[in-house]
Amino acid sequence: VPTAGVGGQLKMYSETKGVSDYMCFKRLVMDLSKMGYEYCVIDLSPAFGTFEKNALEASDEAITPIIPDPNGIDGLQIFINRLQEAKQMDMSEKPAYKKIVINQHNKSIAMHVTYTDMIIKNLSANYQIYKVPVDQAFSKSRAANVPIQEFKDTKAETLNVVQQIISDIIKK
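These numbers come from a predicted model, not from an experiment.

**Q** Give a description of helix 8 (residues 156–170) that names residues and reports values.
**A** In this model helix 8 runs 21 Å from its N-terminal to its C-terminal C-alpha over 15 residues, within 8% of the 21 Å that 1.5 Å per residue would give. When we look at burial in helix 8, the residues that qualify are T158, V161, V162, I165 and D168. Looking down the long axis of helix 8, one finds its buried residues gathered within 130° of arc, a one-sided arrangement. Exposed residues pointing more than 90 degrees away from the buried face of helix 8 are listed as A156, N160 and I170.

Now the structure itself:
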């Protein structure tokens, strides 16, 4: 599910039908499973409204992508707290939450190094942390409608991290 829609249609859906039809994501996942799909990736906004909660309830696993800056750190802590609260209220273990993806990590920016080190120091005991480097191939591959793994100018480091994330998801 994309986080943006043409003309704001997804936002309108998430605030109307997506809220009232709390089973929409569970049905989507079940339908895809019946069609033979083993995985369904639901890309959500960083909000934690009813729409996002409904999607998380239908999910086996949540993976948080963040950028290593103050807003990313704050958003990550808010997400961790809200997910824990939601799980306690629903008395559910789903979704599993063990992976954090640090996006656009740039070793030459001191702030990125500082915040990445802080995340690793404070969270690596409970979470698998992946560092995805800054790579222009992401925007170029999206524009070309080509998966990052098939885009010819993708950095080897990017491909290695992406492959590691995929491998870790599949071997659950």
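After that view of the structure, there is still more to cover.
**Q** I'd love a proper account of the nonpolar core, names of residues and values included.
**A** Counting residues in each nonpolar core, the largest one holds 17 residues, and the members touching the most others are Y97, I100 and L123. Contributing elements (two or more residues each) for this core: strand 1 (61–66), helix 5 (70–90), strand 2 (96–105) and helix 6 (110–123). The element that contributes the greatest number of residues to this core is helix 5, accounting for 6 residues.

**Q** Any chance you could break down helix 6 for me, citing the residues and the numbers?
**A** Since there are 3.6 residues in each turn of an α-helix, residues three or four apart along the chain are aligned in direction. An ideal rise of 1.5 Å per residue puts 20 Å on 14 residues; helix 6 measures up with 20 Å between its terminal C-alpha atoms. Buried within helix 6 we find H112, T116, I119 and L123. Around the axis of helix 6, the buried residues are gathered within 65° of arc, so they sit on the same side. Away from its buried face by more than 90 degrees, helix 6 exposes A110, K121 and N122.

Conventions adopted
Residues numbered from 1 in each chain as written. Predicted model: local features only at pLDDT ≥ 70, side-chain atom pairs only at ≥ 80, totals over all residues. Heavy atoms only, no water. Helix = DSSP H or I, 4+ residues; strand = E, 2+ residues; numbered from the N terminus. Expected span 1.5 Å × (residues − 1). Buried < 20%, exposed > 50% of the residue type's maximum accessible area, 1.4 Å probe, protein only. Arc of directions from axis to C-beta. Core = buried A, V, L, I, M, F, W, Y, C linked by side-chain atoms within 4.5 Å.

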